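# Analysis of the macromolecular model
In case you want the letters, here they are:
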Amino acid sequence: MGAMTASAARVKMGLEPRFLVVMGVSGTGKTTIATGLATRLGWHFQEGDALHPPANVEKMSTGRPLTDADRAPWLALCHDWLRAQVEAGHGAVLTCSALKRAYREQLRANGLPIEFVHIDTSATELAARLERREGHFMPASLLPSQLATLEVPGDDEPVIRVSGEKHPDVVLEDLIRHFQTEG
Ligand SMILES: Nc1ncnc2c1ncn2[C@@H]1O[C@H](COP(=O)(O)OP(=O)(O)OP(=O)(O)O)[C@@H](O)[C@H]1O
Ligand SMILES: O=C(O)[C@H](O)[C@@H](O)[C@H](O)[C@H](O)CO
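Residues numbered from 1 in each chain as written. Chains lettered and ligands numbered in written order. Predicted model: local features only at pLDDT ≥ 70, side-chain atom pairs only at ≥ 80, totals over all residues. Heavy atoms only, no water.

## Let's talk about the site of ligand 1
For the record, the criterion: Residues are counted as near a molecule or strand when any one of their heavy atoms sits within 4 Å of it. N or O atoms closer than or at 3.5 Å make up a polar contact, with two conditions inside protein: a donor-capable atom paired with an acceptor-capable one, and, for residues adjacent in sequence, both atoms drawn from side chains. Surface exposure here means Shrake-Rupley accessible area, sampled with a 1.4 Å probe, where a residue is shielded only by the protein chains that are shown. Using a grid of 1 Å spacing that covers the protein atoms alone, one calls a set of points a cavity when a 1.4 Å probe fits there but cannot get out, and a pocket when the set is open and has protein on both sides within 12 Å along at least five of seven lines; lining residues are those with an atom within 4 Å of a point. More than half of a molecule's atoms within 2 Å of the grid points is what it takes for that molecule to sit in a cavity or pocket. Labels follow the DSSP assignment, with helices taken as runs of H or I lasting at least four residues and strands as runs of E lasting at least two, numbered in each case from the N terminus. Amino acids are sorted into nonpolar (Ala, Val, Leu, Ile, Met, Phe, Trp, Tyr, Cys and Pro), charged (Asp, Glu, Lys and Arg) and polar (every other residue, Gly among them).
By nearness alone, 15 residues border ligand 1, and Ser26, Lys30, Thr32, Arg133 and Lys166 come closest of all. One of the side-chain N or O atoms of Asp49 is found 3.2 Å from an oxygen atom in ligand 1. At 3.0 Å, a side-chain N or O of His136 approaches an oxygen atom of ligand 1. Surface burial for ligand 1 is 76%, taken as the share of its 630 Å² of free accessible area covered by protein chains. Using a 2 Å cut-off from the grid points, one finds that ligand 1 occupies the largest pocket. Considering every element that reaches the shell around ligand 1, the biggest residue donor is helix 2 (residues 30–41), with 3 residues. Among the residues forming the shell around ligand 1, the class breakdown is 2 nonpolar, 8 polar and 5 charged.

In structure tokens:
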């Protein structure tokens with residue numbers, strides 16, 4: 001039997017399109033969860049790291065945290081991608097650390113119906129993962145600044161909270177069940 005098409009998957013799941021930003025600090029599992037969701041649901045996927053200006057990647061690679069000014073053009077590109085997905089009307093998943101409330105507001109600007117999926121993982125587990133991870137520009141030495149910069153989303157923000165310490169398959173199942181329940 002051939003692979004299920006994206007539209008067949010959507011019908012099978014019975015889910016309306018949603019516009020998700022999978023957020024959290026480096027190493028929390030954004031790419032793992034977002035790619036899993038996009039594949040399972042047949043939704044469009046964008047790796048937020050791929051939208052960083054090269055100077056940002058260079059800065060992080062050399063162990064220097066980004067500033068608000070560094071992040072501004074990147075967040076603008078993330079917002080533009082999200083807006084294009086909303087206009088096209090298909091489900092979409094973006095990875096973006098979205099560490100501060102102001103960044104999340106920038107992503108949601110112009111009334112975009114964005115929802116954040118915040119993956120929360122303990123500092124100890126994050127440090128172990130980043131030490132183990134190979135072939136990624138983000139050094140483990142930037143973890144303290146990531147954690148210090150994070151403003152955990154408030155209850156007044158559109159956020160779905162998940163634990164990054166469960167197996168990714170479990171997190172995916174929990175999220176899909178949540179979407180099915182919410183309609
Ligand atoms: N739930 C999990 N349990 C254990 N390991 C995980 C889990 N989720 C992700 N990982 C592993 O942790 C590392 C970081 O995951 P991932 O790259 O998805 O995080 P990220 O938030 O996208 O990171 P970054 O923002 O730095 O790109 C990877 O090696 C991944 O395989
Ligand atoms: O806002 C930031 O400081 C950055 O987006 C970082 O979070 C990295 O891009 C990402 O986590 C990759 O490791």
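Once you've had a look at it, read on.
## Description of the sheet that holds strand 2 (residues 44–47)
For clarity, the cut-off: Between any two strands, at least two bridges found by DSSP are needed for them to pair. Structural elements are reduced to axes, namely lines fitted to C-alpha atoms, with helices fitted over the stretch in contact, and the angle between N-to-C directions of any two is expressed from 0 to 180 degrees.
Pairing within the open sheet is parallel, and its 5 strands lie in the order 2-3-1-4-5. The open sheet is flanked by strand 2 and strand 5 (159–163), the only strands paired with a single partner. Across the sheet, the mean angle separating the axes of adjacent strands is 20 degrees when strand polarity is ignored. Both strand 1 (residues 19–23) and strand 4 (residues 114–120) contribute to a ladder of 5 bridges, which runs parallel.

## Considerations on the site of ligand 2
Near ligand 2, the surroundings consist of Ser26, Lys30, Asp49, His52, Met60, Arg71, Trp74, Ser97, His136, Phe137, Met138 and Gln146. Contact distances for ligand 2 include 3.1 Å between an oxygen atom and a side-chain N or O atom of Ser26. His52 has a polar side-chain atom sitting 3.0 Å from an oxygen atom of ligand 2. In the complex, 98% of the free accessible area of ligand 2, which totals 330 Å², lies under the protein chains. Judged by the proximity of its atoms to the pocket grid, ligand 2 belongs to the largest pocket.

## Re helix 2
Operational definition: Here, expected helix span is obtained from the residue count minus one, scaled by 1.5 Å. Relative accessibility thresholds used throughout: buried, under 20% of the residue-type maximum; exposed, over 50%; partly exposed, between the two (1.4 Å probe, protein chains only).
The end-to-end C-alpha distance of helix 2, which contains 12 residues, comes to 16 Å, matching closely the 16 Å that a straight helix rising 1.5 Å per residue would cover. Regarding helix 2, the residues found buried are Lys30, Ile33, Ala34, Gly36, Leu37, Ala38 and Leu41. One or two steps after helix 2, the chain reaches Gly42, where phi turns positive at roughly 70 degrees.

## What to know about the packing of helix 2 against helix 8 (residues 168–182)
Threshold: In what follows, roughly perpendicular refers to angles from 65 to 115 degrees, roughly parallel to angles under 35, roughly antiparallel to angles over 145, and oblique to any angle outside these ranges. Crossing handedness is defined as follows: a turn of the near helix away from the far one that is anticlockwise and smaller than a right angle gives a left-handed crossing, while the clockwise case is right-handed. In what follows, residue pairs with any heavy atoms lying within 4.5 Å of each other are defined as contacts.
Interaxial distance between helix 2 and helix 8 falls to 10 Å at its minimum, and their mutual angle equals 50 degrees. Comparing the axis directions of helix 2 and helix 8 gives the class oblique. For the pair helix 2 and helix 8, the crossing hand works out as right-handed. Between helix 2 and helix 8, the contacting residues are Thr32, Ile33, Gly36, Leu37, Arg40 and Leu41 on the first element and Pro168, Val171, Leu172, Glu173, Leu175, Ile176 and Phe179 on the second.

## A closer look at the pattern of salt bridges
Spelled out, the test is: The salt bridge criterion pairs a side-chain nitrogen of Lys or Arg with a carboxyl oxygen of Asp or Glu, the two atoms within 4 Å.
What the rule picks out here adds up to 12 salt bridges. Note that Asp156 is salt-bridged to Arg101, the shortest N-O span being 3.0 Å. Highlighted residues: Asp156 in the loop between helix 7 (143–149) and strand 5 and Arg101 in helix 5 (residues 101–108), separated in sequence by 55 residues. Overall, the relative accessible area of 29% leaves Arg101 in the partly exposed class. Across the salt bridge formed by Glu157 and Arg104, the nearest N and O atoms sit 2.7 Å from each other. Within this pair, whereas Glu157 is found in the loop between helix 7 and strand 5, its partner Arg104 is found in helix 5, the two being separated by 53 residues in sequence.

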